[in-house]
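Single-letter residue listing:
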Amino acid sequence: MRMIQLENERISTEAHIQYSELNGKYAAACHENQELKKLLAKEVEKNTLKTKSTFGRKTESFLSLVDAKDHPQEEPADESEVEDAGPGKERRRREIDPESRHKGRKGGRGRHTKKAPSLAHSLKGLPQQVIYDLDVEGLNEQHGENNWRIAYWHQHEKLMKLETPYYTQVVYTPVVSVGTEHDLFTFPYLNPLIDKSVISCTIIADILYRKFVLGLPFYRQAMDYQMQNIPLIKQTIINWANTLVPKVCEEVYEFMTRLLVGYRHIQCDETYIQVNKDGYGPGHKSFLWVHTSSELSNCPPIIIFCYEETRGTDHLRRLLREFLGYITCDAYVSYQVLEKESGGDILTTGCLMHCRRYFAEAFFVQDVAAMEDGELKALPETKALMLIRGIYQEENQLKEMAADERAAARKAKVAPKVDAFFEYVHSLEDSEEIFSDRMKKALTYAVNQERNLRRFLTDGNIPCDNGHVERIIRSYSVGRANWLFADTIHGAKVNAIMYSIVETAKANRVNILIYLQYLFEQIPQRRAGGEKEFMADMMPWSEAYKGYEKRKQQERRSLYGELFPKPERPRTPRKRKRTEEMEQTA
């Protein structure tokens, strides 16, 4: 019995040990399962947001988000055995906030908003080729000779384009014989851009325009030249750009930078650029910092791109060491560090668009398509987005006002909307409701950035978001998607200079191609003439440039107009024949 008792105790002890081990494994498995579920949920959210970014609507407006969830865009099946008949005509429609659906659309974006000229109106300013489409023989056969007449003419217009008119400009310099000794001498000729080169201001302007405005890489331009029977290789084009842009345009770039730092309201952001030979390992990304004048300021707009190998605060310290005023930016820490180091001379203002983006992401990962309208309205993400939407509806109506009027209108109309939004955000923060990780991130961002997000209410020159800079960066991103990288640091700096000049010209609404020709023509000439203080005339808003552009446009119309001499208007042959018979009789 004792042996049996001891054996039972041993078995019981081992069972307890095994139970403890299994219980520990079960607890570990449950914990691991929970962690994997959280990880899976995060990956599903990432995939959902990535799908939205790739195939969905780009706007973050609330109604577009709802519509995108109700009608998701999916990739087509590669091996589907069923014919795709296209989307059905029945589409689910939501009515979340119908009374304010169209409110606040008047005014558009930006202070430069104006009605664009119609295409028909623009055609009247182009050179015209007049053609009279008259088949006399065909009309005689159909109606009989002398049995028809021209009552009047119908006019039809088509927009035409000439092939690229490359041509060679040949300059002869005389060799002069002097005196009875017939001493010979000539006038030295120097190409103002690159001596002993065939380059001209029009060709370099065209090359830079096609890359930095149209996003056409240099190697594709070389292919185009070769198809025109002009053997201009890629390396020659790169050498021209890397030589002439710093030589001619760097001083313009530095002058623009000094003007921008002298403004009181600017906007900042940054984006990446890959440089192959930057001394770092493969895959390292450098940065282009983008600094612009405030989109609401009543001053000539300036846009500056600055190349930096890192994203550190040292760039801001160097560039803005003499700046005093407001910087509209995102929540990147370098801007906050700069504000603290300035001792109050520099104040950062937040971006309501970034705040909305976090709530939009939190909303988009919800299963909105399966919800009824009532459930959708009850979501905290919905309420937050609707409150932000109300802020934009009021703010968008103030775009065309002067700064003082805008500041007063903001206090009366926009400030209550901002107060309501943050009151709701704080109520969610203090509640015991369980939110998704995306929603927690959105609430944290709004709470931490509240002071900066409210600061635009204090000054009419401060925009409520940083979308102006993001739209500028988008133009750069389109080009980057085509040329992918810069080979050297020097090439990256050339990109920064050219994008600064091109985007500033675009913001000032001038003809970018003519402006580039102006820089490469006028700057070498003025330097050769001994002028030093002429950079103010090189700005796209200067009267000197405006006069130049006007003359160039007139020259173009006159030049191309000579290609199409206006023909004599045909008359009815019958009348002309009678006149000839009367003259012969007389």
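These figures come from a predicted structure and were not determined experimentally. (Residues numbered from 1 in each chain as written. Predicted model: local features only at pLDDT ≥ 70, side-chain atom pairs only at ≥ 80, totals over all residues. Heavy atoms only, no water.)

Draft legend 1. Expanded view of a nonpolar patch on the surface. A surface patch of nonpolar side chains, amounting to about 310 Å² of accessible area, comprises Leu119, Leu126 and Leu159. Tracing the backbone through its elements, the reader meets Leu159 in the loop between helix 4 (136-143) and strand 1 (175-178). The exposure class assigned to Leu159 is exposed, which follows from its relative accessible area of 56%. (Patch = residues over 30% accessible without salt bridge, like charges linked within 9 Å, V, L, I, M, F, W, Y side chains within 5 Å. Areas by Shrake-Rupley, 256 points an atom, 1.4 Å probe, with all protein chains shown as cover. Salt bridge = Lys/Arg side-chain N within 4 Å of Asp/Glu carboxyl O. Helix = DSSP H or I, 4+ residues; strand = E, 2+ residues; numbered from the N terminus. Buried < 20%, exposed > 50% of the residue type's maximum accessible area, 1.4 Å probe, protein only.)

Draft legend 2. Spotlight on the packing of aromatic side chains. For the structure shown, the criterion picks out 16 aromatic pairs. Ring centres 4.7 Å apart and planes at 35 degrees place the aromatic pair Tyr358 and Tyr445 in the tilted group. Separated by 87 residues along the polypeptide, Tyr358 in helix 10 (residues 352-364) and Tyr445 in helix 14 (residues 437-448) bring together distant segments of the chain. By relative accessible area, Tyr358 is classed as partly exposed at 22%. Take Tyr445: its relative accessible area is 10%, and that puts it in the buried class. When the centroid spacing of 5.0 Å and the interplanar angle of 70 degrees are considered together, the rings of Phe421 and Phe422 count as edge-to-face. Taking relative accessible area as the criterion, Phe421 reaches 0% and is therefore assigned buried. The ring of Trp483 has Lys211 lying over it, and the distance from NZ or CZ to the ring centre is 5.2 Å. Its guanidinium or amino end placed over the ring of Tyr272, Arg480 lies 3.9 Å from that ring's centre, counting from NZ or CZ. (Phe/Tyr/Trp six-rings, centres within 6.5 Å; stacked < 30°, edge-to-face > 60°. Lys NZ or Arg CZ within 6 Å of the ring centre and 35° of its normal.)

Draft legend 3. Looking closely at helix 19 (residues 543-561). The terminal C-alpha atoms of helix 19, which comprises 19 residues, lie 27 Å apart, in line with the 27 Å expected from a rise of 1.5 Å per residue. Restricting attention to buried positions, one finds in helix 19 the residues Tyr545, Tyr548 and Glu549. The buried side chains of helix 19 occupy one side of the element, clustering within an arc of 100 degrees when seen end-on. In helix 19, the exposed residues that point more than 90 degrees away from the buried face are Glu543 and Lys550. The inward-facing, buried residues of helix 19 contact helix 18 (512-528). (Expected span 1.5 Å × (residues − 1). Arc of directions from axis to C-beta. Contact = heavy atoms within 4.5 Å.)

Draft legend 4. Structural detail: helix 16 (residues 467-483). For helix 16, spanning 17 residues, the distance from its first C-alpha to its last is 25 Å, which sits close to the expected 24 Å at 1.5 Å a residue. Turning to helix 16, its buried residues are Gly467, His468, Val469, Ile472, Ile473, Tyr476, Gly479, Arg480 and Trp483.

Draft legend 5. Molecular detail of the pairing of strand 1. Relative to strand 2 (residues 183-186), strand 1 runs antiparallel, the two being bridged by four bridges. The residue of strand 2 that forms the bridge with Val178 is Asp183. Turn length for the strand 1-strand 2 hairpin, with the two strands adjacent in sequence and antiparallel, is four residues, and the turn residue Gly179 shows positive phi of about 75 degrees. (Pairing = 2+ DSSP bridges.)

Draft legend 6. Main features of the pattern of salt bridges. Applying the stated criterion across every chain yields a total of 22 salt bridges. In this structure, the salt-bridge partner of Asp487 is Lys277, at a minimum N-O distance of 3.3 Å. Residue Asp487 is found in strand 8 (residues 486-488), and its partner Lys277 is found in strand 3 (residues 265-277); the two are separated by 210 residues along the sequence. Overall, the relative accessible area of 56% leaves Lys277 in the exposed class. Residue Arg357 pairs with Glu470 through a salt bridge whose shortest N-O separation is 3.0 Å. Highlighted residues: Arg357 in helix 10 and Glu470 in helix 16, separated in sequence by 113 residues. Taking the relative accessible area as the measure of exposure, Arg357 reaches 23% and is therefore partly exposed. Here the residues in one salt-bridge network are Glu7, Arg10 and Glu14, joined through shared partners.

Draft legend 7. Looking closely at the packing of helix 17 (residues 489-507) against helix 18. At their nearest, the axes of helix 17 and helix 18 sit 10 Å apart, and the two run at 125 degrees to each other. Classified by the angle their axes make, helix 17 and helix 18 are oblique. Remark: the crossing between helix 17 and helix 18 carries right-handed chirality. Contacts from Met498, Ile501, Val502, Ala505 and Lys506 in helix 17 reach Ile512, Tyr515, Leu516 and Leu519 in helix 18. Of the residues assigned to the contact of helix 17 with helix 18, the class counts are eight nonpolar, no polar and one charged. (Axes fitted to C-alpha atoms, helices over the stretch in contact; angles between N-to-C directions. Parallel < 35°, antiparallel > 145°, perpendicular 65-115°, else oblique. Left-handed = near helix turned anticlockwise from the far one by under 90°. Nonpolar A, V, L, I, M, F, W, Y, C, P; charged D, E, K, R; others polar.)

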